[in-house]
Number of protein chains: 2
Amino acid sequence: MNLSVNINDFLKLNEVKSSFQRIKIYEYIAENKNHPTVNTIFDELVKQIPTLSKMTVYNTLKLFREKNIIQEISIEDNELRYDANVKTHGHFKCRKCGEIFDFEYNNSEIVFTEINNYKIEETQLFIKGICSNCFTMNK
Amino acid sequence: MNLSVNINDFLKLNEVKSSFQRIKIYEYIAENKNHPTVNTIFDELVKQIPTLSKMTVYNTLKLFREKNIIQEISIEDNELRYDANVKTHGHFKCRKCGEIFDFEYNNSEIVFTEINNYKIEETQLFIKGICSNCFTMNK
DNA sequence: GTTTTTAATTATAATTATTATAATTTTGTA
DNA sequence: TACAAAATTATAATAATTATAATTAAAAAC
Ligand SMILES: [Mn+2]
Ligand SMILES: [Mn+2]
Ligand SMILES: [Zn+2]
Ligand SMILES: [Zn+2]
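Only a predicted model underlies this, so the values are computations on that prediction, with no experimental measurement involved.

Reading guide: rules and limits
- Residues numbered from 1 in each chain as written.
- Chains lettered and ligands numbered in written order.
- Predicted model: local features only at pLDDT ≥ 70, side-chain atom pairs only at ≥ 80, totals over all residues.
- Heavy atoms only, no water.
- Contact = heavy atoms within 4.5 Å.
- Buried area = accessible area lost by both parts, 1.4 Å probe.
- Salt bridge = Lys/Arg side-chain N within 4 Å of Asp/Glu carboxyl O.
- Near = heavy atom within 4 Å.
- Polar contact = N/O pair within 3.5 Å; in protein donor to acceptor, adjacent residues only side chain to side chain.
- Core = buried A, V, L, I, M, F, W, Y, C linked by side-chain atoms within 4.5 Å.
- Buried < 20%, exposed > 50% of the residue type's maximum accessible area, 1.4 Å probe, protein only.
- Helix = DSSP H or I, 4+ residues; strand = E, 2+ residues; numbered from the N terminus.
- Phe/Tyr/Trp six-rings, centres within 6.5 Å; stacked < 30°, edge-to-face > 60°.
- Expected span 1.5 Å × (residues − 1).
- Arc of directions from axis to C-beta.
- 1 Å grid on protein atoms, 1.4 Å probe; cavity = no way out; pocket = protein on both sides within 12 Å on 5 of 7 lines; lining within 4 Å.
- Points joined across faces, edges and corners; volume = space filled by probe spheres on them.
- Nonpolar A, V, L, I, M, F, W, Y, C, P; charged D, E, K, R; others polar.

Draft legend 1. Quick look at the interface of chain B and chain A. Counting from both sides, the interface comprises 38 residues of chain B and, opposite them, 38 residues of chain A. Between chain B and chain A the total buried area reaches about 3,500 Å² when both faces are included, carbon and sulfur atoms providing 54% of it. The largest share of the area that chain B buries against chain A comes from N78, Y118 and K128 of chain B, three residues that together contribute 16% of it. Inspection of the region where chain B meets chain A yields 4 salt bridges. Here E121 of chain A makes a salt bridge to R95 of chain B, at a shortest N to O gap of 2.7 Å.

Draft legend 2. Up close: the protein's contact with DNA strand D. Residues in contact with DNA strand D amount to 13 residues; listed here are only the nearest, Y58 of chain A together with S19, Q21, T56 and N78 of chain B. Near the protein, meaning within 4 Å, the atoms of DNA strand D are sugar or phosphate in a fraction of 85%, with bases accounting for the rest. Within the side chain of Q21 of chain B, an N or O atom sits 2.9 Å from a sugar or linking oxygen of DNA strand D. Within the side chain of T56 of chain B, an N or O atom sits 2.8 Å from a phosphate oxygen of DNA strand D.

Draft legend 3. Quick look at the nonpolar core. In terms of nonpolar packing, the biggest core is built from 28 residues, with F92 and F103 of chain A together with F92 and F103 of chain B touching the most fellow members. Secondary-structure elements contributing two or more residues to this core are β3 (90-94), β4 (100-103) and β5 (119-130) of chain A together with β3 (90-94), β4 (100-103) and β5 (119-130) of chain B. Beyond its immediate stretch of four places on either side in the chain, F103 of chain A contacts H89, G90, H91, F92, L125 and I127 of chain A together with F112, E114 and I115 of chain B.

Draft legend 4. Structural context of the packing of aromatic side chains. Residue and element names in this part refer to chain A. Inspection of the entire model under this criterion finds 13 aromatic pairs over all chains. When the ring of F10 is compared with that of Y26, the centres are 5.0 Å apart and the planes differ by 35°; the resulting orientation is tilted. A residue pair is termed long-range when its members are at least 10 positions apart, and F10 in helix α1 (residues 3-13) and Y26 in helix α2 (residues 20-32) qualify at 16 residues. The partly exposed category is assigned to F10, whose relative accessible area is 29%. On the accessibility criterion, Y26 (9% relative accessible area) is buried. Ring plane angle 50° and centroid distance 6.2 Å describe the contact between F103 and Y105, whose orientation is recorded as tilted. With a relative accessible area of 0%, F103 lands in the buried category. Classification of Y105 by relative accessible area gives buried; the value is 10%. Among the aromatic residues, those joined into a cluster by ring pairs are F10, Y26 and F64.

Draft legend 5. Structural view of helix α4 (residues 54-66) of chain B. All names here are of chain B. Along its 13 residues, α4 runs 19 Å from first to last C-alpha, staying within 8% of the 18 Å computed at 1.5 Å per residue. Inspection of α4 places V57, T60, L61, L63 and F64 among the buried residues, and these make up the whole buried set. Along the axis of α4, the buried residues cluster in a sector spanning 165°; they form a single face. Exposed positions of α4 whose direction lies more than 90 degrees from the buried face are K62 and E66. The opening residue of α4, the one whose side-chain oxygen lies 3.0 Å from the backbone nitrogen of M55, is S53. Of the residues flanking the end of α4, it is N68, one or two places downstream, whose phi is positive at about 60°.

Draft legend 6. Region of the structure containing empty space enclosed by the protein. Evaluation of the coordinates by the stated rule reveals 1 cavity of 30 Å³ or more. There is about 40 Å³ of room inside the largest cavity. Lining the largest cavity are E72, I73, S74, L80, E122, Q124 and F126 of chain A together with I75, E76 and K128 of chain B. Residue composition of the lining of the largest cavity, grouped by class: 4 nonpolar, 2 polar and 4 charged.

Listed below in C-alpha cells is the structure:
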C-alpha cells in the first residue's frame, strides 16, 4: 500500500489539486507530527527533491490552510509551525528540549463569562514549561 | 498626580533602571491596553519623541520581558504583541475589527491527563472569531 | 498522440522584520 | 565640573517573507 496514493485522494477530496511537491509536503507534516516550521519542512524535503523551492513550501502551506487540512500554530518567538491534526487540541512546548507535545483537553470545561456572546471560530491552548523527560534527567 | 512618577518607581521596584524612553514605553502599553506590536508602540511614541529609535523599543521590550513586567503574546501571523497585564488571562482576537479582548478563565478547570507530570511555567489561551460588536453590526 | 491552454513550480528581486555594531548622548557619581 | 557607565541612536548586516516573471508540468482540446 502506497501512502502517497492515499494523500493524493485526500488532497483531491479537499479541493486541493495534487502535485508531487504538495503530496510530499503534506506527507512530511502528517507523518512526522513534529509541528515543523517552514524551514524544517524545506530543509528536510530538499534532500529528496533537490529542485524544491522554498516559495513552493510557502504557497503550499498557505493553500493547505485555506482548505483547512493543516493548522498554523504560533506558540512563540514569531516562529510559525504547522500541524496536520486540525482538531482542537493543546500544545506543550518544553523550554529545555524544544519539543512540542500534543495533549487533549475538554474545551467545554472552560467557562468564558466575558466573551459568552462572541462567535468562537478557533481555540488555541499553549503551555510552556519542562517536559517529564527533561525534568527527570536534571535530577 | 503624575503617572510617570509612579511608573518610575514601579520600574525601579522591578530592577529596571528608569529612563524617559522606558517610562513612555511602559506607560503606552499599560494605559492603552491594546496589546500593541513593536511598530504600533514606535509609531505612536515617535510622535511625542521624534528622536526615538526603534532599536530602543526592541531593547526595552526585551528588558521588560526579562524582568517580567510585560508579557509577549503571539496570537497569530508572526505578529508579536505586548501586554502589561502579566497575570494569566485569555485573549480573543476578532477577525473583523482586529481588536484583541481580554477575558478571565479558570485555569484549574482544565484537566490535562497527558501532561500531568510536566512542569507548567506559562499558559496562553487564544480564541479567534467575531466579537459581539461586529456580529450584531452584520445583521 | 500532438497541440493548446492552464496551473504549478522555480528563480530572482523587492520588501519587511530583526539583530548586531559602533558612535553619540545621557545619566549618575566623585 | 570631570569622569565613568549605561542608554539611546544611527547605521549596517542578517533573516524572513512576499512579489514578479520565467520555466516547467499537468490538463484539456483537438
Ligand atoms: Mn499538534
Ligand atoms: Mn491581555
Ligand atoms: Zn523536554
Ligand atoms: Zn470585532
